[in-house]
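Architecture and fold: a report
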Amino acid sequence: MASGRPTEGQPLSLRARLAVGAYVLFTWPVMTAFLFGPLAVLLAASRPHGRRAWLWLIALTLWLSLWAAQAGGLLEEVIRASAVLSAGVGVLFLLFSRGSVSSRALRGTGAVVLAVSTLAAVVGLRWRDVELAVIHQGMAAEQAALELLSRGGASPDPTTLEALNTLGEGLRPMAPFFPGIMALLLFAGLCLAALLAPRIAGQAVAPLPGRFDDFRFSDHLVWVVIVGLIGVLFDAGGLVAGPASSLVAFGVGLYALRGSAVLATALRHAPRLFVVMLVVGALFLLPFAVGGVALLGLADIWLDFRRRMAPPTSGGLDR
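Computed from a predicted model, the values in this text were never measured in an experiment. (Residues numbered from 1 in each chain as written. Predicted model: local features only at pLDDT ≥ 70, side-chain atom pairs only at ≥ 80, totals over all residues. Heavy atoms only, no water.)

1. Quick notes on the pattern of salt bridges
With the rule as written, the count across this model stands at eleven salt bridges. Measuring nitrogen to oxygen at the nearest pair gives 3.0 Å for the salt bridge that ties arginine 128 to glutamate 131. Here arginine 128 pairs with glutamate 131, and both are found in helix α6 (residues 127-149), just three residues apart, close to one helical turn. Its relative accessible area of 9% is what places glutamate 131 among the buried residues. Salt-bridge contacts for arginine 211 lead to aspartate 214; the nearest nitrogen and oxygen are separated by 3.4 Å. Arginine 211 sits in the partly exposed class, given a relative accessible area of 47%. What makes aspartate 214 partly exposed here is its relative accessible area of 42%. Through salt bridges that share partners, Asp219, Arg258, Asp300 and Arg306 make up one connected network. (Salt bridge = Lys/Arg side-chain N within 4 Å of Asp/Glu carboxyl O. Helix = DSSP H or I, 4+ residues; strand = E, 2+ residues; numbered from the N terminus. Buried < 20%, exposed > 50% of the residue type's maximum accessible area, 1.4 Å probe, protein only.)

2. Thoughts on the environment of glycine 253
Mapped onto the elements, glycine 253 comes out in helix α10 (residues 241-266). For glycine 253 and alanine 294, which are 41 residues apart along the polypeptide, the C-alpha to C-alpha distance reads 7.2 Å.

3. Quick look at the packing of aromatic side chains
Here the structure, examined in full by the defined rule, presents seven aromatic pairs. Look at tryptophan 28 and tryptophan 63: their rings are 5.7 Å apart centre to centre, the planes differ by 45°, and that puts the pair in the tilted class. Linking tryptophan 28 in the loop between α1 (14-27) and α2 (33-45) with tryptophan 63 in helix α3 (residues 51-69), this pair joins segments that are 35 residues apart in sequence. For tryptophan 63, a relative accessible area of 19% puts it in the buried group. Centre to centre, the rings of tryptophan 63 and tryptophan 67 are 6.4 Å apart; their planes meet at 10°, and the pair counts as stacked. Here the residue tryptophan 63 and the residue tryptophan 67 both occupy positions in helix α3, the gap between them amounting to four residues, near one helical turn. (Phe/Tyr/Trp six-rings, centres within 6.5 Å; stacked < 30°, edge-to-face > 60°.)

4. Observations concerning helix α4 (residues 74-96)
A rise of 1.5 Å per residue sets the reference length of α4, with its 23 residues, at 33 Å; its end C-alpha atoms lie 32 Å apart and thus fit the reference within 8%. Taken as a whole, α4 carries its principal kink of about 40° at serine 86. (Expected span 1.5 Å × (residues − 1). Bend = angle between axes of the 7 residues up to and from the residue.)

5. Points about the nonpolar core
Counting 63 residues, the largest nonpolar core has Phe34, Leu39, Leu42 and Leu43 as the members making the most contacts within it. No other element matches helix α8 (residues 178-201), which puts 17 residues into this core. When sequence neighbours within four positions are dropped, the list of residues in contact with leucine 43 reads Pro48, Trp56, Leu57, Leu60, Ala197, Ile200 and Ala201. (Core = buried A, V, L, I, M, F, W, Y, C linked by side-chain atoms within 4.5 Å. Contact = heavy atoms within 4.5 Å.)

6. Brief notes about α8
With 24 residues, α8 extends 34 Å from end C-alpha to end C-alpha; this agrees with the ideal 34 Å at 1.5 Å per step. Within α8, 21 of the 24 residues are buried, which leaves the element mostly enclosed by the surrounding structure. Glycine 202 occupies a position one or two residues after α8 and carries a positive phi of about 85°.

7. Structural notes on the environment of isoleucine 135
Along the chain, isoleucine 135 turns up in helix α6. Residue isoleucine 135 is classed as buried on the basis of its relative accessible area of 11%. When the C-alpha atoms of isoleucine 135 and alanine 175 are compared, they prove to be 6.5 Å apart, with 40 residues separating the residues in sequence. Not counting the four nearest positions on each side in its chain, isoleucine 135 is found in contact with Arg172 and Ala175.

8. Let's talk about the environment of histidine 49
Along the chain, histidine 49 falls in the loop between α2 and α3. On a C-alpha basis, the gap between histidine 49 and isoleucine 200 in space is 10.0 Å, while along the polypeptide they are 151 residues apart.

9. Observations regarding the packing of α4 against α8
Where α4 contacts α8, the axes come no closer than 10 Å and their chain directions differ by 40°. Considering the angle they form, α4 stands oblique to α8. As α4 packs across α8, the resulting crossing turns out to be right-handed. Here Leu75, Val78, Ile79, Ser82, Ser86, Gly90, Val91 and Leu94 of α4 come into contact with α8, specifically with Phe178, Met182, Leu186, Leu190 and Ala194. Among the residues making up the contact of α4 with α8, the classes are represented as ten nonpolar, three polar and no charged. (Axes fitted to C-alpha atoms, helices over the stretch in contact; angles between N-to-C directions. Parallel < 35°, antiparallel > 145°, perpendicular 65-115°, else oblique. Left-handed = near helix turned anticlockwise from the far one by under 90°. Nonpolar A, V, L, I, M, F, W, Y, C, P; charged D, E, K, R; others polar.)

Encoded structure:
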C-alpha cells in the first residue's frame, strides 16, 4: 500500500476548494455519494486519529446512511448501486493499482461500470429503461417546479413556462448521454476523494494526486471517442446508439479536463482578473467552452502543448 507524507497542515489551494465546491453543488444531493462514499472509506483505511478526522468520518457515515435510506425510483437505484461499488471496487483500485491517481481512478471507473452493467443484465435492466428513467425524472422535476411556482394561487408567467418546457424537452435528447456523464462524475469523485482524504486524516494510504496542470492519461483512450462516434453516426436510434452516446460523453468529458489542464498551464502567470473573466464568460457559453477545451485536449495528444510551454533547460558552455 502506498503511503505519503502527512498533509494535514497543508490546506487545499483555492482552485482545489472551488473544484470540490463545484462538484458538490453540481452533484447534490444524489450523486454526491460518488465523492462522500470513497472519501469515507479512505478515511477509515487511514486509521484516523484526532478529533477532526473522526468528526469527518462520523458526519460522512451519517450522511451516507440517510442517503441510502431515501426511497427512489429506478434512476436512483442505479446511482446508488454505482456509488456503493465506487466506494468498494473504486477505492480498491485507488489503493492497490499502479500508476498515478488518475490512472487508478480510470481503472476503478471502468471496473465499476463493468460491475453495474453486469448487475443490470442479471436483473433484466435494459439501456432504454435507464434512458426513460432519466426522462421521467426530468418530467417530475419540471412538475415540481410548476407546483412550487403555482403556490398561493398565482400562475407562472408565460416566459417562465416556456423556459421550463424548453428545459424539459432538452432532457430527451440528453438522456442517452447520462450514463457517460455519471461515469465521468464517478471518476472525478475518486480523484477528489484521494485529494481530500490525506488532508483530513493527516496521512495518505494512497498516492497523493499531482497538480491539475499535469493531468493527462493514455493517448489510447482516444478510441473511446472514436468508437462512440462510429456507433452514434452509423446506428442512430439502434441498440448501440445509447451506449455509444455515453462513450462519447465520457470521452469528451475526459478530454475537456485534459484541455482545461493545458489551458490552466498556459494561464499560470496570467492576471487573476483576466482568468476570472474568462471563467465567467465560459459559463455563459458553456457548450462552446466545453467543445473548445475538449478539442484542445484532443490536440494535446499530438502536439503536447505543455512540453512546448515548459521553459528550456540550460545546457552547454557559457559564452
